[in-house]
Amino acid sequence: MASAHSSHESTALLPTASSHGQSSNQHGANHVQAHANHEGESGRTGFHPRRFLAVLWRSSCTASMLVNVLWPFVPVAILLHFVPGLHLWKFATAYIAVIPSANLLGFAGQEFARKLPKVAGILIETTLGSIVEIILFVVLIAKHDADASAGSGDEGNLIPIIQAAILGSILTNLLLCLGLCFFFGGLRRSSQKFHAIVSEVGTGLLLVAAFGLLIPSAFYSALKSETVPDIPSLGLQHGPRHGRFTAGKLQDDVLRISHATSIALIIAFALYVWYQASSQHSIFDEVIEMDEHGDADREADIVKPKFTMTETVVALAISLTSVTLLLVLLVEKIEHVVEAGVPDQFLGLILLPLVEKAAEHLTAIDEAWDGVINVALYHCLGPSIQTALLNGPLVVIVGWILGKPIDLNFEILMIGLLVLSILVVGNFLRDGESNWLEGALLVIIYVIIAIMCWYYPNPDVATSNGLEGSDVGNFPISIEVLQQLQKIMTENSVR
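Residues numbered from 1 in each chain as written. Predicted model: local features only at pLDDT ≥ 70, side-chain atom pairs only at ≥ 80, totals over all residues. Heavy atoms only, no water.

Asks: Requested: an account of the overall build of the protein, with residues and values cited.
Replies: Tallying secondary structure elements over the protein gives 21 helices and two strands in all. By the burial criterion, 51% of the 495 residues in the protein qualify as buried. Across the protein, contacts joining residues at least 24 apart in sequence account for 83% of those joining residues at least 6 apart. Carbon and sulfur atoms provide 66% of the accessible area of the protein, an area that totals close to 22300 Å². (Helix = DSSP H or I, 4+ residues; strand = E, 2+ residues; numbered from the N terminus. Buried < 20%, exposed > 50% of the residue type's maximum accessible area, 1.4 Å probe, protein only. Contact = heavy atoms within 4.5 Å. Areas by Shrake-Rupley, 256 points an atom, 1.4 Å probe, with all protein chains shown as cover.)

Asks: Outline the environment of F107, supporting the account with residue identities and numerical values.
Replies: By the element assignment, F107 lies in helix α6 (residues 87-114). In this structure F107 comes out as buried when scored by relative accessible area, which is 5%. Each C-alpha atom of the pair F107 and T312 lies 9.2 Å from the other, and the pair is 205 residues apart in sequence.

Asks: Account for the pattern of salt bridges, naming residues and giving values.
Replies: Enumeration over the complete set of coordinates arrives at five salt bridges. Taking the shortest distance from any N to any O, the salt bridge between D370 and R188 comes out at 3.7 Å. Taken together, the residues D370 in the loop between α16 (344-369) and α17 (373-402) and R188 in helix α9 (residues 159-188) connect sequence positions 182 residues apart. Among the residues examined, R188 registers a relative accessible area of 40% and is labelled partly exposed. As a salt-bridge pair, K357 and E360 come within 3.8 Å of each other at their nearest N and O atoms. One end of the pair, K357, and the other, E360, are both in helix α16, three residues apart, so they sit about a helical turn from each other. It is possible to trace a salt-bridge network through shared partners that takes in E133, K357 and E360. (Salt bridge = Lys/Arg side-chain N within 4 Å of Asp/Glu carboxyl O.)

Asks: Can you lay out a nonpolar patch on the surface for me, pointing to particular residues and giving the numbers?
Replies: Taken together, the side chains of F184, L187, W369, W436, L437, L441, I444 and I448 define a hydrophobic patch exposed on the protein surface, amounting to about 760 Å² of accessible area. Where the nonpolar patch is concerned, the elements lending two or more residues are α9 and α19 (436-455). The greatest single-element share of the nonpolar patch, amounting to five residues, is contributed by α19. Locating I444 in the fold gives a position in helix α19. (Patch = residues over 30% accessible without salt bridge, like charges linked within 9 Å, V, L, I, M, F, W, Y side chains within 5 Å.)

Asks: Tell me about the packing of helix α8 (residues 131-143) against α17, and please be specific about residues and values.
Replies: Running from N to C, α8 and α17 cross one another at 25°; their axes reach a closest spacing of 10 Å. What the angle tells us is that α8 and α17 run roughly parallel. In this structure, α8 meets α17 at a crossing whose hand is right-handed. The residues of α17 that touch α8, namely those facing E133, I134, F137 and I141, are T387, N391, L394, V395, V398, G399 and L402. Here the contact of α8 with α17 is composed, by residue class, of seven nonpolar, three polar and one charged. (Axes fitted to C-alpha atoms, helices over the stretch in contact; angles between N-to-C directions. Parallel < 35°, antiparallel > 145°, perpendicular 65-115°, else oblique. Left-handed = near helix turned anticlockwise from the far one by under 90°. Nonpolar A, V, L, I, M, F, W, Y, C, P; charged D, E, K, R; others polar.)

Asks: Summarise helix α3 (residues 49-58); cite the residues concerned and give the values.
Replies: Among the residues of α3, F52, V55 and L56 are the ones counted as buried. The arc enclosing the buried residues of α3, seen along the axis, measures out at 100°, which places them on a common side. Among the exposed residues of α3, those pointing more than 90 degrees away from its buried face are R50 and L53. Those residues of α3 hidden inside the fold are in contact with α6 and α14 (309-332). (Arc of directions from axis to C-beta.)

Asks: Break down unusual backbone geometry for me, with residues and values.
Replies: Backbone geometry places L86, a non-glycine residue, at a positive phi of 55°. The topology assignment puts L86 in the loop between α5 (73-80) and α6. For L86, a relative accessible area of 42% puts it in the partly exposed group.

Asks: I'd love a proper account of the packing of aromatic side chains, names of residues and values included.
Replies: Enumeration according to the criterion identifies five aromatic pairs in this entry. One aromatic cluster is present, formed by F183, F184 and W436 through successive ring pairs. (Phe/Tyr/Trp six-rings, centres within 6.5 Å; stacked < 30°, edge-to-face > 60°.)

Asks: Can you break down the state of the cysteines residue by residue, with the values?
Replies: The tally for this structure, following the rule as stated, stands at zero disulfides. Lacking any disulfide linkage, C380 is separated from the closest cysteine sulfur, that of C177, by 3.3 Å. (Disulfide = S-S within 2.5 Å.)

Asks: I'd like to hear about the environment of V55, residue by residue, with values.
Replies: Positionally, V55 belongs in helix α3. Taking the C-alpha atoms as reference points, V55 and E311, separated by 256 residues in sequence, lie 9.9 Å from one another.

Asks: Go over the side chain of Q192, please, and point to the residues and values.
Replies: Looking at the secondary structure, you find Q192 in strand β1 (residues 192-193). Among residues more than four places away in sequence, those in contact with Q192 are C181, G185, G186, A368, G371, I373, G432, E433 and S434.

Pasting the structure below:
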């Protein structure tokens, strides 16, 4: 029975050339395995409200169970929506209320994953863990005012916040979540060893994604000083020398590059998922084989009460509805939060990723505490890969479809921080083991970035990668000079 179980867990999710030759030998073992009790089975059927609430309360770990104390904030946030004024209170209550809702979504996804084969379960669990982020991005796009592309968040321009949230989600996973996993895991053990394939594949994909995200920003930064301002009354956009490369032309080129880059990154993510699902030596199998039987709480988890399939579907429906509603309420108050003095970059890079990733971070930290460092490491790197290769590019595609131009022209400073963070994390992962000191250092780096974001000016004041801050957009010019330029252009057109 043990051999059948091991074969079932390490078999690729999708058929491969090597798996066809083994199918006949595994058929009997799989047939026996099908009749064995799966660790995700509850032993019940249907929906039982009392059992449902009991399992929901216990959740996946102690930290997740404590998060359930925040459930009263959910109805409070919804009721406050109908009270006039109190904008900051509405934002704060909705912000807190998202945490238990996302926690239920993560727990329900975990329960659902346990009822599937191991490889398929991890794929489903990772995808469900990113739904909160996808919903947040879609709500932000819908709220964005396409006519306020030059202002800040309090003026309806949410593009800087969306861009910061994309990078912030990656940085939160790489620095804060991974740092806390190393720290708490290191408090219980002097060091934790993990498989090299987890770090190699993870950091390699992140560097590829960072390269793709950097291209539009680098293109814009390299050429913005070569543009001329769009002044239709002077006819400069039709001039013989610089007319073909105005500021507007550069913006259009960056947008087209962002569209093409987004499609390429999404294709890369599809290839990544296909490879992991079809290869018997994928990152998922390595994680399973090394950590499955090393979980300190494995025996307790097996006997712990679980959702039935019906209860799992109900929990997913409740959590998805609650998360979507609360994120809509949250985004509605972003303008008031920015007006109150919270910078766009701090809101997007720090606050929003913290709340959307809270439940997933608790799960990863609990796994590191239990000694399941490979799974914890994947729960840090996996969502980062999905954000960089799928969720971020998906924002650009959705904005393209909705007629709200969103590009990958990030602030140069922020994209630089992302690349440096990936390099730092890759250096820590190189030796194949971690300790609490490395975790503390990663958290300190995250705190330093958070402090910098608090003082980073909004785009209507200054920007590190825009024409507003360049000599092209702000050169002094008098009315007399403008009139002379117009006269020269008129004479040239007559000739």
